Amino acid sequence: LAFAVYCERECFVADSTFDSNSCELDSGAPCAGGAVYCDTDKCTFVSSNFTDNVAVGDSDGGAIAIQGGSAMIEDCDFSSNVAGDGGAVYCDNNNCAFVGSTFANNSAPGDGGAISIKSGFVTIEHCEFFTNEAGDPGARGGAVFTEASETSFHDCFFASNVASELGGAVYCERECFVAHSAFE
């Protein structure tokens, strides 16, 4: 459960700020989405900021967790969010598009310091990733971890991202296309 926003129907968020939200079930069991949890056919986030949000324990998606459907994240900033997997965003069983967004200083002890994607088709365009970390032993994808059927990166910039195991910037389990992107 998410403490700020829980969506069961179509979700549209624009020009909003999510700061210092967290999710934790009363029993201490894992939850998902420190700020927003979407279990819907379509989620859209535009021109919004997500800072210092936490999905407690082994939970996924420090800022946003998305289950099913399609998602568009455009012109958003994610900084200093924390979760078990997907320090900023966790996507499962859906098609996700990230456009013109910035991910900085997000972390996960598990996979995907900034973004963790479990399935679907993913496009990441004109995004920047700075100093994100997947830190526990065996963690993969300092900025992005993906098990999606197909993931494409276009015009992205990655700098100073770290993973303890594989993929300091990106770890792709399946098909991965990278074009006009820089890694430092």
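Preceding block: the structure.
Below: a short report on this structure. Predicted, not measured: the structure shown is a model, and the values here were computed from it.

1. A word on the overall build of the protein chain
When helices and strands are counted, the protein chain shows zero helices and 26 strands. Since a compact globule built from 184 residues should have a radius of gyration of about 16 Å, the 14 Å found for the protein chain is in line with a globular shape. C-alpha atoms of the protein chain, sized along the principal axes, occupy 40 × 30 × 25 Å. Summed over all atoms, the accessible surface of the protein chain reaches about 7600 Å², with 45% contributed by carbon and sulfur. With 5 positive and 28 negative side-chain charges, the protein chain shows a separation of 9 Å between the mean positions of the two kinds.

2. Re the sheet that holds strand β5 (residues 36–38)
If you trace the seven strands from one edge of the open sheet to the other, you get β1-β5-β9-β12-β16-β20-β24, paired in parallel fashion. This sheet does not close on itself; its edge strands, each paired only once, are β1 (5–7) and β24 (170–172). In this sheet, neighbouring strand axes are inclined to one another by 5 degrees on average, regardless of whether the strands run parallel or antiparallel. Of the strand pairs in this sheet, β1 and β5 are connected by three bridges, and their pairing is parallel. Directly across from Val5, in β5, lies its bridge partner Val36.

3. Comments concerning the state of the cysteines
Covalent bonding between the sulfur atoms of two cysteines is what defines a disulfide. Scanning the model with the defined rule gives one disulfide in all. Residue pairing for Cys172: its cysteine sulfur links by disulfide to Cys176, the two sulfurs lying 2.5 Å apart. Judged by relative accessible area, which is 24%, Cys172 ranks as partly exposed. Since its relative accessible area comes to 30%, Cys176 is described here as partly exposed. In this structure Cys156 is not part of a disulfide, and its nearest cysteine sulfur, from Cys127, lies 5.1 Å away.

Rules behind the numbers
Residues numbered from 1 in each chain as written. Predicted model: local features only at pLDDT ≥ 70, side-chain atom pairs only at ≥ 80, totals over all residues. Heavy atoms only, no water. Helix = DSSP H or I, 4+ residues; strand = E, 2+ residues; numbered from the N terminus. Rg over C-alpha atoms; globule rule 2.2 N^0.38 Å. Areas by Shrake-Rupley, 256 points an atom, 1.4 Å probe, with all protein chains shown as cover. Lys, Arg positive; Asp, Glu negative; His and termini not counted. Charge placed at Lys NZ, Arg CZ, Asp CG, Glu CD. Pairing = 2+ DSSP bridges. Axes fitted to C-alpha atoms, helices over the stretch in contact; angles between N-to-C directions. Disulfide = S-S within 2.5 Å. Buried < 20%, exposed > 50% of the residue type's maximum accessible area, 1.4 Å probe, protein only.

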